[in-house]
2 protein chains.
Amino acid sequence: MRIGIDLGGTNLAYGLVDDVGQIVKRGSTRLGDYEPSVIADNMLKIYREYAAEYEITTLGIGVPGIVSQEDGVVITCVNLNWKMVPLATYLRSRIKCDIVIGNDANAACVGETLFGGMKGYQNAILLTLGTGVGGGVIAGGKLLTGYQGAGAELGHMIIDGQGQRCNCGNIGCLETFISATALIKDYNRRMLTDHVDNAKAVFDRYVMGQVEAQQTVDEFVDRFATGIINLYNIFAPEIIAIGGGVSLAFDLFKDQLESQIDARLFSKDIVYGKIVRANLHNDAGIIGAAYLDQF
Amino acid sequence: MRIGIDLGGTNLAYGLVDDVGQIVKRGSTRLGDYEPSVIADNMLKIYREYAAEYEITTLGIGVPGIVSQEDGVVITCVNLNWKMVPLATYLRSRIKCDIVIGNDANAACVGETLFGGMKGYQNAILLTLGTGVGGGVIAGGKLLTGYQGAGAELGHMIIDGQGQRCNCGNIGCLETFISATALIKDYNRRMLTDHVDNAKAVFDRYVMGQVEAQQTVDEFVDRFATGIINLYNIFAPEIIAIGGGVSLAFDLFKDQLESQIDARLFSKDIVYGKIVRANLHNDAGIIGAAYLDQF
């Protein structure tokens, strides 16, 4: 059995994951203290509880930041205010099992590629559209981490010099156009009243044919297609899965997105990757963390 | 010994490459006929000439198009009007040595990584700035080809929705901002007379302090920095080498480029890749083609 831990900004979600990628037991604890040793001790406690009952081969952890997966160091995690935390070393000195630590979006990508919507593909990309836009890339059967784990930050690919300023400081990152946050902001910008606070509300109005919601979704799809075209030209994946909250509306915008993409392909002679919805949802992070050592 | 062939749009350059990446003999023939079998027979002739004198282990060919390196099929090569040409199969049935066929920019990247400006790096990117912008990526020690070889088309990463239309049909590809062609076009657009036909002329005027040339180079550097930031966030390379004709002016714009990049880094806690000039110049394609099987 493996343990997967999905470390978020406010919660620590975890699960006991079997050899076919099923979560057989699970739990979640609220983070009170962001001190690395407190959170790490919390992880040890989870391990010991499961290890008392099951043989645990691997403990995998997904962290929402830049992680050097090779040596298990969290280089930086803005949400937790962590810098250069040697998480793997800390844990290894206290428990006896394989420990692997990676980026949370990479973990989700691994989960979807092993057991979810991209099962079996060697060239696969996960894009998660939530508060921000996260990414994970399997290229040639290998997880793309880049030097010190700073790669696959697909949400921070600049696609328009005239766009909005991103949290990262740059202008026009993909995240500023296609995250749930961006959708909400763009819709509200078009409205004097009836402001919304979630992406579902925008899609609900879109389905009802409301003009401003349609304009918002049109703009979203246009930018999304640009992002996908860039990923096609950079990685030539066989498949791209869309995850995160916005993906719940995938069926609503799929046809429009595909037709925009078709119009912008680099070559008509190439079979480009299909676009699907990720299907492990929030579990992808736990399942994928448990299997981060597999790529 | 190995043979490397760099197939261009008008010439076929080739060389006998030794085990330390030196071209010990070389030649070039003008392409008269683009018929695949004619060009392939030309390659066979080159092989036989060298094979009469040396033991040839590998014949490698870089093609300016999308090449499925796994099976040695040129999926599409616009310049030669080739589609689905099974070049490797054709050659293998006629000569006895290892044959490997890949994209020309990928070949140049392999050359620079094995023997040139990026020697020894596991996460390395080559950007060639010439008529267009080509790219090659080594990620985690492996050449990124993508499905059917259509990956690493870095010049066709869209960085601005408001830009110029690219030959590929899209608007705002990196190539439309930082290729030699783009530099020349941008400079001429600013001038009523004194139009130029090469990038060197723009940089010569830049060095002399001419206002329009400075504006052109400023704009070029600004867009170049955006492209590099995207490559940092997507791949986290240890090194990026700049090749192609424009790279001859590298020392003129290096400082300005680096300061623009520094201002836009995703995280100050990360060591991002250094930017260097490629140093095998036109030989990278021949040398890298000969060693395409090494990644």
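Residues numbered from 1 in each chain as written. Chains lettered and ligands numbered in written order. Predicted model: local features only at pLDDT ≥ 70, side-chain atom pairs only at ≥ 80, totals over all residues. Heavy atoms only, no water.

A. Region of interest: unusual backbone geometry. Here A:Ala236, not a glycine, exhibits a phi torsion of approximately 45°, which is positive. Along the polypeptide, A:Ala236 turns up in the loop between helix H7 (211-235) and strand S12 (239-243). If you check the backbone angles, B:Asn81 has positive phi at about 60° while not being a glycine. Along the chain, B:Asn81 turns up in the loop between strand S6 (73-77) and strand S7 (82-85). (Helix = DSSP H or I, 4+ residues; strand = E, 2+ residues; numbered from the N terminus.)

B. Quick look at the relation of the copies chain A and chain B. The transformation that overlays chain A on chain B combines an axial shift of 0.0 Å with a rotation of 180°, and the residual RMSD is 0.1 Å. In symmetry terms, the pair is related by a two-fold rotation axis. The overlap is high: 100% of the interface residues of chain A also sit at the interface in chain B, so the same surface is used on both sides. (Least-squares fit on C-alpha atoms with pLDDT ≥ 70 in both. Contact = heavy atoms within 4.5 Å.)

C. Structural context of the sheet that holds strand S5 (residues 66-68) of chain A. All names here are of chain A. Pairing is antiparallel across the open sheet formed by 3 strands, whose spatial order is S5-S6-S7. Bordering the open sheet on either side are S5 and strand S7 (82-85), each of which pairs with just one other strand. Here the strands of the sheet are splayed against their neighbours by 15° on average, with no regard to which way each runs. Note: S5 against strand S6 (residues 73-77), 3 bridges, orientation antiparallel. Pairing of Ile-66 across the sheet is with Thr-76, part of S6. (Pairing = 2+ DSSP bridges. Axes fitted to C-alpha atoms, helices over the stretch in contact; angles between N-to-C directions.)

D. Region of interest: the packing of aromatic side chains. Residues and elements named next belong to chain A. Applying the stated rule across the entire model yields 21 aromatic pairs over all chains. Pairing Phe-203 with Tyr-206 gives two aromatic rings, centres 6.5 Å apart and planes at 90°, and the pair type is edge-to-face. Taken together, the positions of Phe-203 and Tyr-206, both in helix H6 (residues 199-207) and 3 residues apart, correspond to about one turn of that helix. The exposure class of Phe-203 is buried, given its relative accessible area of 4%. (Phe/Tyr/Trp six-rings, centres within 6.5 Å; stacked < 30°, edge-to-face > 60°. Buried < 20%, exposed > 50% of the residue type's maximum accessible area, 1.4 Å probe, protein only.)

E. Spatial organisation of the side chain of B:Asn230. Among the structural elements, B:Asn230 can be located in helix H7 (residues 211-235). From its side chain, B:Asn230 meets the backbone nitrogen of A:Ile158 in a polar contact 2.7 Å long. Excluding residues that lie within four positions of it along the chain, B:Asn230 makes contacts with A:His156, A:Met157, A:Ile158, B:Met157 and B:Ile159. (Polar contact = N/O pair within 3.5 Å; in protein donor to acceptor, adjacent residues only side chain to side chain.)

F. Broad picture of the sheet that holds strand S4 (residues 58-63) of chain B. Residue and element names in this part refer to chain B. Strands sit in the order S3-S2-S1-S4-S8 across an open sheet of 5 strands; the sheet is mixed. Looking along the sheet, the strands with just one partner apiece sit at the ends: strand S3 (23-30) and strand S8 (98-103). Across this sheet, the average inter-strand angle for adjacent strands is 15°, counted without regard to direction. Where strand S2 (residues 11-17) and S3 come together, 7 bridges link them in antiparallel fashion. By the bridge assignment for S3, Val-17 is matched with Ile-23. Helix H1 (residues 36-51) contacts strand S1 (2-7), S2, S3 and S4 of the sheet and is inclined by roughly 25° relative to S2. Along the sheet, helix H9 (residues 283-290) makes contact with S1, S2, S3, S4 and S8, crossing S1 at roughly 130°.

G. Expanded view of the packing of H7(B) against helix H8 (residues 250-262) of chain B. Residues and elements named next belong to chain B. Look at H7 against H8: their axes get within 9 Å of each other, and the N-to-C directions meet at 50°. Taken together, the axes of H7 and H8 are oblique relative to one another. Note on packing geometry: the crossing formed by H7 with H8 is right-handed. Residue-level inspection shows Val-217, Asp-218, Phe-220, Val-221, Asp-222, Phe-224, Ala-225, Ile-228, Ile-229 and Tyr-232 of H7 in contact with H8, the latter providing Phe-253, Gln-256, Leu-257, Gln-260 and Ile-261. Here the contact of H7 with H8 is composed, by residue class, of 11 nonpolar, 2 polar and 2 charged. (Parallel < 35°, antiparallel > 145°, perpendicular 65-115°, else oblique. Left-handed = near helix turned anticlockwise from the far one by under 90°. Nonpolar A, V, L, I, M, F, W, Y, C, P; charged D, E, K, R; others polar.)

H. Region of interest: the interface of chain A and chain B. On the chain B side, the residues contacting the 44 residues of chain A number 44 residues. With both sides pooled, the region where chain A packs onto chain B buries about 3,700 Å², and carbon together with sulfur makes up 59% of that total. On the chain A side of the interface with chain B, the three residues burying the most area are A:Tyr147, A:Ile234 and A:Phe266, jointly 17% of the side's total. Where chain A touches chain B, the interface holds 2 salt bridges. Here B:Lys83 and A:Asp269 are joined by a salt bridge, their closest N and O atoms 3.3 Å apart. Counting across the chain A and chain B interface gives 26 residue pairs in polar contact (both at pLDDT 80 or more). Breaking the side of chain A that touches chain B down by element, the ones donating at least two residues are S6 and H7 of chain A. If you tally residues by element for the side of chain A that touches chain B, the top one is H7(A), at 7 residues. (Buried area = accessible area lost by both parts, 1.4 Å probe. Salt bridge = Lys/Arg side-chain N within 4 Å of Asp/Glu carboxyl O.)

I. Structural detail: the confidence of the model for chain A. Averaged over chain A, the pLDDT score is 96; the fraction of residues at 70 or greater is 100%. This complex was scored by the predictor with a pTM of 0.95 and an ipTM of 0.95. (pLDDT = per-residue confidence, 0-100.)

J. Molecular detail of helix H5 (residues 180-190) of chain A. A:Ala180, A:Ala182, A:Leu183, A:Ile184, A:Asp186, A:Tyr187 and A:Asn188 are the residues of H5(A) that are buried. Close packing links the buried residues of H5(A) with helix H4 (175-178), H6 and H7 of chain A.

K. Inspection of the pairing of strand S9 (residues 124-129) of chain A at higher detail. All names here are of chain A. In terms of burial, S9 is a largely internal element, 5 of the 6 residues being buried. With 6 bridges connecting them, S9 and strand S10 (residues 133-139) associate as antiparallel partners. Bridge pairing in S10 places Leu-129 opposite Val-133. Pairing of S9 with S12, which is carried by 5 bridges, proceeds in the parallel orientation. Counted as the bridge partner of Ala-124 is Ile-239 from S12.

L. Fine view of the pattern of salt bridges. Per the counting criterion, the structure on display carries 26 salt bridges over all chains. Across the salt bridge formed by A:Asp204 and A:Lys200, the nearest N and O atoms sit 3.0 Å from each other. One end of the pair, A:Asp204, and the other, A:Lys200, are both in helix H6, 4 residues apart, so they sit about a helical turn from each other. We classify A:Asp204 as partly exposed; its relative accessible area is 37%. With a relative accessible area of 57%, A:Lys200 lands in the exposed category. For B:Asp186, the salt bridge identified is with B:Arg189, shortest N-O distance 2.6 Å. Residue B:Asp186 and its partner B:Arg189 are both found in helix H5 (residues 180-190); the two are separated by 3 residues, about one turn of the helix. B:Arg189 gets classed as exposed once you look at its relative accessible area, which sits at 57%. One salt-bridge network, held together by shared partners, links A:Asp160, A:Glu219 and A:Arg223.

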